[in-house]
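Coordinates in review
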Amino acid sequence: MPERTTLIIGGGIVGVCSAYELARRGERVVLLERGSIAGEASGGNAGQMAIAHPPIPRPGLAVKAVRWMFDPMSPLHITPRAGWGMIPWLWTFWRACSQRRLDRSMDALAAMGRLTRPIFDEIIENESIECDYQPVGGMEVFRTEQGAEDGKAFVRLMKKYDVDAVWLDAGELVEREPCFKPGVVGAALNRENMSLDPGAFTRGVARGARRLGVDIREHAAVRAISVTSGRAVGVTLESGERIDADRVVLAAGIWSDSIARTVGVRVPMQAGKGYHREIEQDGPPLSTPCVCAERFVACTTINGRLRLAGTLEFSGVNHVMRRERLDALSRGADEYLSGVAGKSALSEWCGLRPCVADGMPVIGWAPRAEGLLVATGHAMLGMTLGPATGRLVAQLIAGDSPSVDLSTMRADRF
């Protein structure tokens, strides 16, 4: 058995993929999860993998965000209590909504997208994971002429990064997907996107990691990282138990910042609460995952159910389910899709996305704590980029050159 131990904090998609990739290289790995594997955002998200999708901050969004933020029915909502404490975050977000920043971000995110797609295929095949994997593409669907112009611009952006994307006019869209209502004007189709059951996939990767020897401990909440002579040497759990390690990977989602601060490291982020509601769709089913663009509602058929997901609510770290936010998902999807109106919810869920203000993940060695590697902050792209991040974590720990330029994602940029 190898002498060196890597301890991973977090059992979401990033943590389990990191554990899996390290174990494949023969590393001894211990993974700690505060709750259950895939019990948070990795289990209930939209289940869409959007290759080379832009980050949240982008040109033109800052003005919309100001208009939206205090409207409880808008795609982006900030509660008054959270608003004042978010001022530094909002200022950084505003500055990130520029073309120059978007260009830098897209260079990195497109490279991660090219890395992640084959890793999904490889893991699912090697571990025989049953997760309703559908590599059929994904669409942004529009109902307004301005939306159509935005969609065509999106296709041009995708092609700039060598992504196989096309514009479908209304006729082509309805021929492909008869469930769309009259009034849609077209869709931007990214043929490289895919979808799956995110919880089933994450748990499947965890099983593969266990098969490779990873020690996974659920319900093991970390209180603090242990540092000796400036080096991370393990953790202390909330129970008081101390676990030693040679290096630590922090992949704890929204809880990453509070854990990092125990050793003087900052990973400033906000909890972007997302929701999902699952229904049984009447009539022709949706076979290509989509986003109802003007309403920001993601629609994905998973195991025969239509999952409606979305919203970005900043209300602090809590799991309070707001009925009006869930109802907005159904109303938004009903504007685009037949068979949605009046359908009872088969399941409802909310989870917390770790959102860094500049829209980019945090992947890299932490400052002021040798041996601490941070891998978090993926916001709405965690499921898409999780396998790529796991591969990059393994490369960094092995001392290899990472497959992607990580300069925009450094952990010492705050």
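Overview of the structure. (Residues numbered from 1 in each chain as written. Predicted model: local features only at pLDDT ≥ 70, side-chain atom pairs only at ≥ 80, totals over all residues. Heavy atoms only, no water.)

1. Side note on the overall build of the chain
Stated formally: Helix and strand assignments follow DSSP, with helices taken as H or I runs no shorter than four residues and strands as E runs no shorter than two, numbered in order from the N terminus. As a reference, a globule follows 2.2 Å times the number of residues to the power 0.38, and the radius of gyration itself is taken over C-alpha atoms. Residue exposure (1.4 Å probe, protein chains only): buried if accessible area is under 20% of the type maximum, exposed if over 50%, otherwise partly exposed. Should any heavy atoms of two residues lie within 4.5 Å, those residues are considered in contact. For the accessible areas, the method is Shrake-Rupley and the probe is 1.4 Å, while residue cover comes only from the protein chains on display. In this charge count, Lys and Arg are treated as positive and Asp and Glu as negative; neither His nor the chain ends contribute. The atoms used to mark charge sites are NZ of Lys, CZ of Arg, CG of Asp and CD of Glu.
In terms of regular secondary structure, the chain is built from twelve helices and 20 strands. A globule of 414 residues ought to have a C-alpha radius of gyration of about 22 Å, and the chain, at 21 Å, matches this closely. By its C-alpha atoms, the chain is 65 × 45 × 40 Å across when sized along the principal axes. Sorting the 414 residues of the chain into buried and exposed places 60% on the buried side. For the chain, the proportion of contacts with a sequence separation of at least 24, taken over those separated by at least 6, is 75%. Total accessible area on the chain is roughly 16,600 Å²; 50% of this is exposed by carbon and sulfur atoms. Charged side chains of the chain number 49 positive and 48 negative; the gap between the two group centres comes to 5 Å.

2. Points about the state of the cysteines
Here a disulfide denotes one covalent bond, and it connects the sulfur atoms of two cysteines. The condition that has to hold: Disulfide: a pair of cysteine sulfur atoms within 2.5 Å of each other.
All chains considered together, the criterion is met by zero disulfides. Distance from the sulfur of C17, which forms no disulfide, to the nearest cysteine sulfur (C131) is 11 Å. For C17, a relative accessible area of 1% puts it in the buried group.

3. Describing the pattern of salt bridges
Which entries qualify depends on this criterion: Should a side-chain nitrogen of Lys or Arg be within 4 Å of a carboxyl oxygen of Asp or Glu, the pair is scored as a salt bridge.
The final tally for this structure, using the stated rule, is 29 salt bridges. Between E313 and K273 there is a salt bridge, with its nearest N and O atoms 3.4 Å apart. One end of the pair, E313, is in strand 17 (residues 305-314); the other, K273, is in strand 14 (residues 270-279), and 40 residues separate them in sequence. Like E313, the residue K273 is buried in the burial classification. Note that R305 and E278 form a salt bridge whose closest N and O atoms lie 3.0 Å from each other. Here the residue R305 occupies a position in strand 17, and E278 occupies one in strand 14, the gap between them amounting to 27 residues.

4. Quick look at the sheet that holds strand 9 (residues 215-217)
Rules: Pairs of strands are assigned from DSSP output, requiring at least two bridges between the strands. Helix axes are fitted only over the stretch in contact, all axes being lines through C-alpha atoms; the angle between N-to-C directions runs from 0 to 180 degrees.
As summarised here, the arrangement of the six strands in space is 9-2-1-13-20-19, forming an open sheet in which the pairing is mixed. Each having just a single partner strand, strand 9 and strand 19 (362-365) make up the two edges of the open sheet. If you compare each strand with its neighbour and ignore which way they point, the axes differ by 15° on average. Contacts between helix 12 (residues 382-398) and the sheet are confined to strand 1 (5-9), strand 13 (247-250), strand 19 and strand 20 (372-376), with strand 19 contributing the most and set at about 10° to the helix.

5. Quick look at the environment of R191
With respect to the element layout, R191 can be found in the loop between strand 7 (186-190) and strand 8 (194-195). With a relative accessible area of 42%, R191 lands in the partly exposed category. Contacts of R191, omitting those with residues within four sequence positions, involve R117, G137, D164 and V166.

6. Observations concerning the pairing of strand 19
Examined bridge by bridge, strand 19 and strand 20 share four bridges and lie antiparallel to one another. Within strand 20, the position partnered with I363 by the bridge is A375. Taking the residues that link successive antiparallel strands as the turn, the strand 19-strand 20 hairpin has six residues, and the phi of R368 there is positive, at about 65°.

7. Some words on the pairing of strand 2 (residues 28-32)
Put simply, the test is: Looking down the strands as they point away from the viewer, one classifies a crossover as right-handed if the path from the first strand across the helix to the second runs clockwise.
When you tally the buried positions in strand 2, you get four out of five residues, the bulk of the element. Where strand 1 meets strand 2, five bridges bridge the pair, whose relative direction is parallel. Bridged to I9 within strand 2 is L32. For the crossover from strand 1 across helix 1 (residues 13-24) to strand 2, the handedness is right-handed. Direction of pairing for strand 2 relative to strand 9: parallel, over a ladder of three bridges.

8. Overview of the packing of helix 1 against helix 12
For clarity, the cut-off: In these notes the angle categories are as follows: under 35 degrees is roughly parallel, over 145 is roughly antiparallel, 65 to 115 is roughly perpendicular, and the rest is oblique. Whether a crossing is left-handed or right-handed is set by the direction in which the near helix is turned from the far one by less than a right angle, anticlockwise for left-handed and clockwise for right-handed. Polar here means any residue outside two lists: the nonpolar Ala, Val, Leu, Ile, Met, Phe, Trp, Tyr, Cys and Pro, and the charged Asp, Glu, Lys and Arg; Gly therefore counts as polar.
Close contact between helix 1 and helix 12 brings their axes to 7 Å; oriented N to C, the two are set at 40°. Classed by the angle they form, the pair helix 1 and helix 12 counts as oblique. Note on packing geometry: the crossing formed by helix 1 with helix 12 is right-handed. Together, I13, V14, C17, S18, E21, L22 and R24 of helix 1 and G382, M383, G386, P387, T389, G390, R391, V393, A394 and I397 of helix 12 make up the contact between the two elements. Here the residues of the contact of helix 1 with helix 12 are counted per class, giving nine nonpolar, five polar and three charged.

9. Details of the nonpolar core
Note that soluble globular proteins tend to have their nonpolar side chains buried in a common cluster. Note the cut-off: We define the nonpolar core as a collection of buried residues of types Ala, Val, Leu, Ile, Met, Phe, Trp, Tyr and Cys that are connected through side-chain atoms lying within 4.5 Å of one another.
Core analysis: the biggest nonpolar cluster contains 68 residues, and L196 and F201 have the highest contact counts within it. Of all the elements in the fold, those that place two or more residues in this core are helix 1, strand 2, helix 6 (99-127), helix 7 (145-160), helix 9 (198-211), strand 20 and helix 12. For this core, the element with the highest residue contribution is helix 6, accounting for twelve residues. Beyond its immediate stretch of four places on either side in the chain, L196 contacts G47, M49, F120, I124, C131, D132, Y133, F201, I302 and M383.

10. Section: the environment of D327
Assignment of secondary structure puts D327 in helix 11 (residues 323-334). By relative accessible area, D327 is classed as partly exposed at 25%. Through-space distance from the C-alpha of D327 to that of A345 is 10.0 Å; in sequence the pair is 18 residues apart.

Function-wise, these values are silent; they only describe arrangement.
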